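Remarks on the overall topology
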Amino acid sequence: MIADLIAQRWSDGRVFCLAIGFLFGLFAATSVSGVVLLLLRRSVGRHLLVFGSAVALLTFGALFAADTEIARPAYLVPLLPLGALGLAVHPATRKWCET
């Protein structure tokens, strides 16, 4: 989805495409490292997941605000970071990391 979007909008606004690509890379790096650290029961993993989820939601919001044409199923994409955000801040996850 991101690659198609960048290819579609490259001639219109290169700065927008670079910003979306950077935010997507930041989201991927924080999410992967957050999951690994969470599985190792490190509390910093929860914080990385919260940050990654916020970046993902802001990226989707930027796409929505820029009136970018995306496929209908792509509008369900924010459910994944919202779910990760909810599970990362859940008290049971904090307790699990502390044991």
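Check the entry above for the structure.
Now for a description of the structure that goes with this document. Source: prediction; values computed, not measured. (Residues numbered from 1 in each chain as written. Predicted model: local features only at pLDDT ≥ 70, side-chain atom pairs only at ≥ 80, totals over all residues. Heavy atoms only, no water.)

A look at the overall build of the chain
Along its length, the chain carries 5 helices and 0 strands. For the chain, the sequential pattern of α-helices and β-strands runs α-α-α-α-α. The buried share among the 99 residues of the chain stands at 28%. In the chain, 58% of the contacts between residues at least 6 apart in sequence involve partners at least 24 apart. A total accessible area of about 6600 Å² is found for the chain, and carbon and sulfur atoms account for 71% of it. (Helix = DSSP H or I, 4+ residues; strand = E, 2+ residues; numbered from the N terminus. Buried < 20%, exposed > 50% of the residue type's maximum accessible area, 1.4 Å probe, protein only. Contact = heavy atoms within 4.5 Å. Areas by Shrake-Rupley, 256 points an atom, 1.4 Å probe, with all protein chains shown as cover.)

Examining unusual backbone geometry
With the exception of glycine, most residues fall at negative phi, and the peptide bonds are largely trans. Here R41, not a glycine, exhibits a phi torsion of approximately 60°, which is positive. Residue classification places R41 among the partly exposed positions, given a relative accessible area of 35%.

Describing the environment of L87
With respect to the helices, strands and loops of the structure, L87 is situated in helix α4 (residues 79-89). A C-alpha to C-alpha distance of 9.4 Å links L87 and L49, two positions 38 residues apart in sequence.

Details of the pattern of salt bridges
Inspection of the entire model under this criterion finds 1 salt bridge. Where R94 meets E98, a salt bridge forms, and the shortest distance between an N and an O atom there is 3.6 Å. A residue pair is termed a helical-turn pair when its members lie 3 or 4 positions apart in one helix, as R94 and E98 do in helix α5 (residues 91-98) at 4 residues. Judged by its relative accessible area of 41%, R94 falls in the partly exposed class. Under the relative-accessibility criterion, E98 is labelled exposed at 59%. (Salt bridge = Lys/Arg side-chain N within 4 Å of Asp/Glu carboxyl O.)

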